[in-house]
Amino acid sequence: MDFNLTEEHLLIQQAAREFAENEAAPSAVDRDINAEFPHDLVKKMGELGFMGMMVSPEYDGSGLDTVSYVLAMIEISKVDASLGVIMSVNNSLVCYGLEEWGSDYQKEKYLKPLARGDKLGAFALSEPEAGSDATHQHTSAVKKGDRWIINGVKNWITNGINADYYLVFAQTDRVKRHKGITCFIVEKGTPGFTHGKKEDKLGIRSSDTCSLLFENCEVPEENILWEVGKGFNVAMNTLNGGRIGIAAQACGIAEASFSAAVKYSKTRKAFGTEISNLQAIQFKLADMSVNLEAAKLLTLKAAFLKDKHIDYIEAAATAKLYSSKVAVENSLEAIQIHGGYGYVREYLVERYLRDAKITEIYEGTSEIQRIVIAREILKHFE
Ligand code: CAA
Ligand code: FAD
């Protein structure tokens, strides 16, 4: 087993680190406070090849592997987890689905500009009454000639306001339950398609989240992704990869928290010495380091399996479950090590905690990851 990253991996990691530290960091605090979408940074990420990292160059992507994507996601999320989620949705939810199941027409029209970062994508599965219980879709699509009429509401959609193209899941045959769900590509500006207000969130505030409203929204037959009735397969298989992206986002937050805690402990003095000399603080740092290392290894393992085309459902859910827990724990410990200073904006660690919490909720809550893992474990023992 070789734990060394390749020369190419190291270069990508370095490029992402430089972009994050030099370009994203200066505005991260203000964008969090003002809940401001990072238009210029997203454009720059497109130019640097971070918006379609795993898409083949044939479709204007960077043609890189999932390990590279994880390394870039960690570096970017270390500085700004909002940028991380914007990037992750475009890469692992939207571009992935289009490349895997899109027609030539869809790849040319939608995938190419998304992979270049010229356009932004969103993935709309959740609804007001169908989050974890994703098969329970209320949004419907009814065929009329060669067009489909979509009606319904999607909830909590990342990039919902700023996206150009949306993957929208709708029930096309209620009797067939999840086998009657279909995925549609919907363009911004399509009549009958609007969005709700921007949510005022606890964390990842620089990313936008909103509901999407469909009132007799007509889309052409050619905008069906894959086939009628295959939408739930698209959603589940896409989310397996998406969970690796969110695990990487969580690792980034956990690492930022750990670094901030180490640095602060070496400068803060109490009882005549730096607090890093106190064993109680050292034990916290040791636990944070061990947990971070384990989270990164699980995440890289899931990416490695995906790159090798080995079943990664359980590995992805495991990586997300564990890394999101570590992100929350490390950010809490970072605040503890900062004492009162950790509780105010100036020292950044309070943002890490606010950003960390969502990684235990979206792309399947921790409870859902446990369901996925348990089902896979039980299958292996059949
Ligand atoms: N990979 C592939 N297929 C899967 C799968 C997986 N991880 N999980 C379930 N499936 C398949 C099953 O094999 C089954 O297919 P068949 O009938 O063809 O065999 C089908 O999906 C239905 O599965 P179940 O019978 O197990 O359905 P269920 O209702 O009992 O459970 C669930 C399904 C796993 C809980 C699923 O609903 C789920 O994953 N829920 C969480 C939804 C989620 O993650 N939403 C994220 C929204 S996107 C987002 O959040 C983006 C963001 O924030 C940035
Ligand atoms: P519920 O499903 O109502 O869950 C409530 C609680 O019950 C949770 O603790 C859950 O774990 C638990 N629970 C539910 N079922 C079970 C069970 N069977 N066993 C044990 N516990 C259970 N969705 C998208 O489609 N696209 C996006 O881009 C997107 N972005 C998001 C961005 C943000 C900021 C947020 C907050 C959400 C986003 N989501 C998105 C939605 C997200 O995926 C859902 O919030 C999530 O899947 C949980 O669904 P829910 O909120 O309806 O909670």
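This structure is a prediction, so every number in the text was calculated from the model and none was measured.

## Some details on the site of ligand 1
Neighbouring ligand 1 are 24 residues; H178, N240, Y362, E363 and R375 lie closest to it. The contact in question runs from a nitrogen atom of ligand 1 to an N or O atom on the backbone of S132, over 2.9 Å. Residue E363 places a main-chain N or O atom 2.8 Å away from an oxygen atom belonging to ligand 1. When isolated, ligand 1 has an accessible area of 1,100 Å², and the protein chains bury 73% of it. Because more than half of its atoms lie within 2 Å of the grid, ligand 1 is assigned to the largest pocket. Mapped onto the shell around ligand 1, the elements with two or more residues apiece are α4 (81–101), α6 (231–267) and α10 (366–380). When residues in the shell around ligand 1 are grouped by element, the largest group, 6 residues, is from α6. The residue makeup of the shell around ligand 1, split by class, is 11 nonpolar, 9 polar and 4 charged.

## Section: the UniProt feature "domain: Acyl-CoA dehydrogenase/oxidase N-terminal" (unreviewed entry) in the protein chain
Taken from the UniProt record, the annotation "domain: Acyl-CoA dehydrogenase/oxidase N-terminal" (unreviewed entry) applies to residues 6–118. For residues 6–118, the end-to-end C-alpha separation is 29 Å, with 75% helix and 0% strand making up the annotated structure.

## Quick notes on α6
Since the α-helix turns once every 3.6 residues, residues separated by three or four places project in the same direction. In a regular helix each residue adds 1.5 Å, so 37 residues correspond to 54 Å; α6 covers 54 Å between its end C-alpha atoms and thus fits that length. Within α6, the axis deviates most sharply at N240, by approximately 30°. Along α6, 29 of the 37 residues are buried, which leaves the element largely enclosed by surrounding structure.

## Observations regarding the layout of surface pockets
When its volume is computed, the largest pocket comes out at roughly 1,200 Å³. As for the largest pocket, its lining consists of 42 residues, and the residues nearest its centre are G131, R243, Y362, E363 and G364. Of all the elements in the fold, those that place two or more residues in the lining of the largest pocket are α4, β3 (147–158), α6, α9 (349–357) and α10. Element by element, the count of residues in the lining of the largest pocket is highest for α6, at 7 residues. Here the residues of the lining of the largest pocket sort into 21 nonpolar, 12 polar and 9 charged. By volume, the second largest pocket is sized at about 670 Å³.

## Remarks on the pattern of salt bridges
For side chains of opposite charge, pairing can occur when their charged atoms come near one another. With the rule as written, the count across this model stands at 27 salt bridges. The residue R354 makes a salt bridge to E350 at a minimum N-O spacing of 2.8 Å. Placement of the pair is R354 and E350 together in helix α9, with a separation of 4 residues, close to one helical turn. The shortest N-O distance in the salt bridge between R351 and D355 comes to 3.9 Å. On the criterion of helical spacing, the pair formed by R351 and D355 is a turn pair, its members being 4 residues apart in helix α9. Overlapping salt bridges, with partners in common, bring together R17, E75, K78, E255 and K296 in one network.

Criteria and thresholds
- Residues numbered from 1 in each chain as written.
- Chains lettered and ligands numbered in written order.
- Predicted model: local features only at pLDDT ≥ 70, side-chain atom pairs only at ≥ 80, totals over all residues.
- Heavy atoms only, no water.
- Near = heavy atom within 4 Å.
- Polar contact = N/O pair within 3.5 Å; in protein donor to acceptor, adjacent residues only side chain to side chain.
- Areas by Shrake-Rupley, 256 points an atom, 1.4 Å probe, with all protein chains shown as cover.
- 1 Å grid on protein atoms, 1.4 Å probe; cavity = no way out; pocket = protein on both sides within 12 Å on 5 of 7 lines; lining within 4 Å.
- Sits in = over half its atoms within 2 Å of the grid points.
- Helix = DSSP H or I, 4+ residues; strand = E, 2+ residues; numbered from the N terminus.
- Nonpolar A, V, L, I, M, F, W, Y, C, P; charged D, E, K, R; others polar.
- UniProt positions renumbered as here; feature names shortened; annotations may be inferred.
- Expected span 1.5 Å × (residues − 1).
- Bend = angle between axes of the 7 residues up to and from the residue.
- Buried < 20%, exposed > 50% of the residue type's maximum accessible area, 1.4 Å probe, protein only.
- Points joined across faces, edges and corners; volume = space filled by probe spheres on them.
- Salt bridge = Lys/Arg side-chain N within 4 Å of Asp/Glu carboxyl O.

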